[in-house]
Amino acid sequence: EPEVTQTPSHQVTQMGQEVILRCVPISNHLYFYWYRQILGQKVEFLVSFYNNEISEKSEIFDDQFSVERPDGSNFTLKIRSTKLEDSAMYFCASSEATEDGYTFGSGTRLTVV
Amino acid sequence: GESVGLHLPTLSVQEGDNSIINCAYSNSASDYFIWYKQESGKGPQFIIDIRSNMDKRQGQRVTVLLNKTVKHLSLQIAATQPGDSAVYFCAGSNAGKSTFGDGTTLTVKP
């Protein structure tokens, strides 16, 4: 069964450093998403991406966040200057259409120290 | 803004019993609803979806009911098994953005 692949599985970074979280969505999917989940809390929407541009973003997705599809397979989330409160699981997801269930990756656990 | 919430944070059932997990949503513009299952250390996994022009949809051992009048969604799991133990999230979607509820932890007792 096709999978969404995320790397790394765990990233530890110093506060103020930049991190890039990587995702390889399912190849025939057109819509890509980033969500985050702080430990013990619900899954929160960050951003959706279609046709090489952001289609929706949440209040969480401020100027320190950016997304990119640098080639035909990767989809990345960059956090420019990490804060302690950015510590969370970050999930990438993809779907064929907007009204399709998403396929989620296994997540990257980001720990900011 | 939209909120999606679940009625109970935890649910404990006996193996073989049926489980019902409930969810309420606030945004009438949500036109697509999804139930996800999340096991410890993993990402959410799609279970079943329903569009707003339907009120019931059945899958393998799962049924989703949608009541648009009271903005209520439920997930029924038949003959619950130990492997069903997980956190269950409902999500309401509009224009490609899904808003997740808080999650119900289902524990299946052998």
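Only a predicted model underlies this, so the values are computations on that prediction, with no experimental measurement involved.

Considering the state of the cysteines
So, step 1. This structure, assessed with the given rule, holds two disulfides over all chains.
So, step 2. The residue that forms a disulfide with Cys23(A) is Cys92(A), at a sulfur-sulfur distance of 1.9 Å. With the S-S bond torsion at -65°, the cross-link from Cys23(A) to Cys92(A) turns out left-handed. Within this pair, whereas Cys23(A) is found in strand β3 (residues 19-24), its partner Cys92(A) is found in strand β9 (residues 88-95), the two being separated by 69 residues in sequence.
So, step 3. Here Cys23(B) engages in a disulfide with Cys90(B); their sulfurs sit 1.8 Å apart. The disulfide joining Cys23(B) to Cys90(B) has a torsion of about 50° about its S-S bond and is therefore right-handed. In this pair, Cys23(B) sits in strand β3 (residues 19-25) while Cys90(B) sits in strand β9 (residues 86-94), placing the two residues 67 residues apart along the sequence.

Topic: the environment of Gln81(B)
All names here are of chain B.
So, step 1. Summarising the element assignment, glutamine 81 is placed in the loop between β8 (72-77) and β9.
So, step 2. The partly exposed category is assigned to glutamine 81, whose relative accessible area is 38%.
So, step 3. Residues glutamine 81 and threonine 107 lie 26 residues apart in sequence; the distance between their C-alpha atoms is 9.5 Å.
So, step 4. When near neighbours in sequence (up to four residues on either side) are disregarded, glutamine 81 contacts Arg61 and Val108.

Here's the deal with the pattern of salt bridges
Residue and element names in this part refer to chain B.
So, step 1. Scanning all chains against the criterion turns up six salt bridges over all chains.
So, step 2. Between aspartate 49 and arginine 57 there is a salt bridge, and its shortest N-O distance comes to 2.2 Å.
So, step 3. A salt bridge links arginine 61 to aspartate 84; its shortest N-O distance comes to 2.9 Å. Within this pair, whereas arginine 61 is found in the loop between β6 (56-58) and β7 (62-67), its partner aspartate 84 is found in the loop between β8 and β9, the two being separated by 23 residues in sequence.
So, step 4. Given a relative accessible area of 7%, aspartate 84 falls into the buried group.
So, step 5. Linked through salt bridges whose partners overlap, the residues forming this network are Asp49, Arg51 and Arg57.

Thoughts on the interface of chain A and chain B
So, step 1. Between chain A and chain B, the residue contacts involve 17 residues of the former and 21 residues of the latter.
So, step 2. Counting each side, the surface lost to burial between chain A and chain B is near 1,600 Å², with a carbon and sulfur contribution of 51%.
So, step 3. If you sort the residues of chain A by the area they bury against chain B, Lys42(A), Glu99(A) and Tyr102(A) come out on top, with a joint share of 35%.
So, step 4. Our enumeration of links across chain A and chain B arrives at one salt bridge.
So, step 5. We note a salt bridge from Lys42(A) to Asp102(B), for which the minimum N-O separation is 3.8 Å.
So, step 6. Inspection of the chain A/chain B interface yields five residue pairs in polar contact (both at pLDDT 80 or more).

Cut-offs used in this document
- Residues numbered from 1 in each chain as written.
- Chains lettered and ligands numbered in written order.
- Predicted model: local features only at pLDDT ≥ 70, side-chain atom pairs only at ≥ 80, totals over all residues.
- Heavy atoms only, no water.
- Disulfide = S-S within 2.5 Å.
- Helix = DSSP H or I, 4+ residues; strand = E, 2+ residues; numbered from the N terminus.
- Buried < 20%, exposed > 50% of the residue type's maximum accessible area, 1.4 Å probe, protein only.
- Contact = heavy atoms within 4.5 Å.
- Salt bridge = Lys/Arg side-chain N within 4 Å of Asp/Glu carboxyl O.
- Buried area = accessible area lost by both parts, 1.4 Å probe.
- Polar contact = N/O pair within 3.5 Å; in protein donor to acceptor, adjacent residues only side chain to side chain.

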